[in-house]
Amino acid sequence: MFQRILIANRGEIALRVLRACQDLGIGTVCVYSEADRNASYLRYADESICIGPPPAAKSYLDISRIISAAEVSDVEAIHPGYGFLSENSHFAEVCASCNIEFIGPPPEAMRMLGNKARCRELAKKVGVPTVSGSDTVDSEEKAIAVAREVGYPVMIKAAAGGGGRGMRQAHNDVSLVSGLLAAAAEAGAAFGDSSVFIEKYVEKARHIEIQVIGDKHGNMIHLGERDCSIQRRHQKLIEESPSPVVTPELRARMGADAVKLAKAAGYWSAGTVEFLLDPGGKYYLIEMNTRIQVEHGVTELVTGVDLVREQIRVAAGEKLSVKQEDVRWNGVAIECRINAEDPAHGFRPSPGKITHFFPPGGPWVRWDSHVYTGYEIPSNYDSMVGKLMVHRPTRGEAIAAMRRALEEIVIEGVKTSVPLHIEIFGHTHFIRGNVDTTFVEGYFAKK
Ligand code: MV4
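Residues numbered from 1 in each chain as written. Predicted model: local features only at pLDDT ≥ 70, side-chain atom pairs only at ≥ 80, totals over all residues. Heavy atoms only, no water.

1. Points about the pattern of salt bridges
Phase 1: Summed over all chains, the structure comprises 30 salt bridges.
Phase 2: Across the salt bridge formed by Lys-236 and Glu-274, the nearest N and O atoms sit 4.0 Å from each other. With Lys-236 in strand 12 (residues 235-241) and Glu-274 in strand 13 (residues 269-277), the pair connects residues that are 38 residues apart, well separated along the chain.
Phase 3: Overall, Glu-274 belongs to the buried group, its relative accessible area being 7%.
Phase 4: The network of salt bridges with common partners includes Glu-209, Arg-226, Lys-236, Glu-239, Glu-274, Glu-295 and Arg-337. (Salt bridge = Lys/Arg side-chain N within 4 Å of Asp/Glu carboxyl O. Helix = DSSP H or I, 4+ residues; strand = E, 2+ residues; numbered from the N terminus. Buried < 20%, exposed > 50% of the residue type's maximum accessible area, 1.4 Å probe, protein only.)

2. Looking at the domain arrangement of the chain
Phase 1: When its domains are assigned, the chain resolves into domain 1 (4-103), domain 2 (132-200) and domain 3 (206-445).
Phase 2: Averaged C-alpha coordinates put domain 1 and domain 3 at centres separated by 23 Å.
Phase 3: Both sides of the domain 1 and domain 3 interface together cover about 2,300 Å² of buried area, and 57% of this is carbon and sulfur.
Phase 4: The largest per-residue losses of area from domain 1 upon contact with domain 3 belong to Glu-12, Arg-16 and Tyr-82, which jointly make up 26% of the total buried on that side.
Phase 5: Here domain 1 and domain 3 share five salt bridges between them.
Phase 6: Summed over the shared surface of domain 1 and domain 3, the number is 14 residue pairs in polar contact (both at pLDDT 80 or more).
Phase 7: No other element matches the eleven residues that helix 1 (residues 11-24) contributes to the side of domain 1 that touches domain 3.
Phase 8: Here the side of domain 1 that touches domain 3 is built from residues that sort into 17 nonpolar, nine polar and eight charged. (Domains from an automatic or database assignment. Buried area = accessible area lost by both parts, 1.4 Å probe. Polar contact = N/O pair within 3.5 Å; in protein donor to acceptor, adjacent residues only side chain to side chain. Nonpolar A, V, L, I, M, F, W, Y, C, P; charged D, E, K, R; others polar.)

Encoded structure:
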């Protein structure tokens with residue numbers, strides 16, 4: 001096992017990785033930007049190194065600064081968390097060339113699966129269902145031909161994109177041509193790769209993702225699904241496991257397909273295979289996330305598997321501590337992502353000082369967060385202030401527990417998504433589990 005690792009991230013995920021290291025008896029080095037110099041979790045690290053000014057490009061995204069910190073502190077491995085450099089295969093290669101273990105998948109697997117067009121190709125090759133559509137399209141004529149063949153509406157997606165960036169819907173040839181240009185330009189600017197492909201638009205779908213984890217000895221298991229259909233502008237608001245609509249046999253089929261895809265890419269570490277599930281019960285792969293995700297905690301609650309611990313163990317060359325046949329799913333876990341954002345102003349980020357904070361707690365509640373009274377939320381990074389999770393035997397009890405916890409939490413000084421979460425947890429469609437990916441936007445349109 002590693003003696004000492006560096007955590008190349010900030011906020012609640014830095015704290016989450018610190019806790020896993022504490023449990024494993026591993027020494028820790030945190031890096032932080034000037035905006036995070038007062039971060040509470042830094043006290044739990046054995047060593048903390050300032051790596052630069054607030055802009056992420058000059059700190060958390062700067063490979064040379066992070067590698068320098070790793071070299072001077074003599075760590076054996078780097079945990080990238082989520083976001084920032086976590087899905088950067090070049091960074092993983094630089095780590096390898098410096099003889100530092102990247103706590104994540106091998107770079108070749110990241111490159112293959114992180115590109116949506118290549119991921120789709122691999123899925124097709126190994127027989128995992130995909131949405132009907134095309135490989136990357138290089139002309140308007142080709143795009144129109146594909147769209148007419150699969151039938152409108154279609155989605156135009158950037159191959160290098162993810163989480164809805166570089167994505168456009170099109171209902172006819174005219175919006176297809178304008179959408180192609182817009183998606184390609186957005187992807188070129190954001191990812192330096194403007195290639196796009198076309199998929200049939202799957203209507204009234206739910207977003208179901210399968211958690212996988214593998215080791216370097218060829219073992220790969222799935223830990224069931226998370227239902228992430230409650231999103232707003234491609235930002236997830238609520239995640240739950242199990243999905244109210246996934247049966248044990250559907251879970252087994254989707255899980256086997258997720259494992260098949262990851263194995264075909266020579267994957268190890270934690271990863272998530274995203275599917276759309278249509279109202280007829282058919283599922284289609286859409287992309288793979290080659291990192292630990294924000295919402296990993298709901299899977300930990302229902303399976304009892306510590307995903308960050310397993311990630312670190314397998315990176316160190318150990319075998320997975322769980323076998324597929326021993327995985328059990330107990331009860332229902334739900335997570336609310338609590339963001340500092342202002343619903344009265346289009347949910348724009350609401351950075352600033354938290355003047356009063358009281359955490360939710362009590363039985364069945366898990367609160368993963370780095371914030372405290374007096375904490376100043378920097379404007380440089382994302383606006384998530386914490387993840388509120390509950391775990392109960394049934395979905396109805398989980399909803400009740402979440403409503404109690406949402407009423408308890410106090411965050412003053414900034415605007416947050418707590419009132420929105422309270423509204424959703426009182427909404428009959430949500431309570432009945434009767435939602436699809438258009439729920440939040442549809443709900444606000446009607447108000
Ligand atoms: C889709 C889709 C319908 N058809 N692809 C959104 C985020 C990205 N991961 C994929 N997304 C979608 N891809 C096809 N072919 C609908 C969405 C989608 C969506 C998915 C999950 C949750 C909310 C969503 C909101 C709008 C669109």
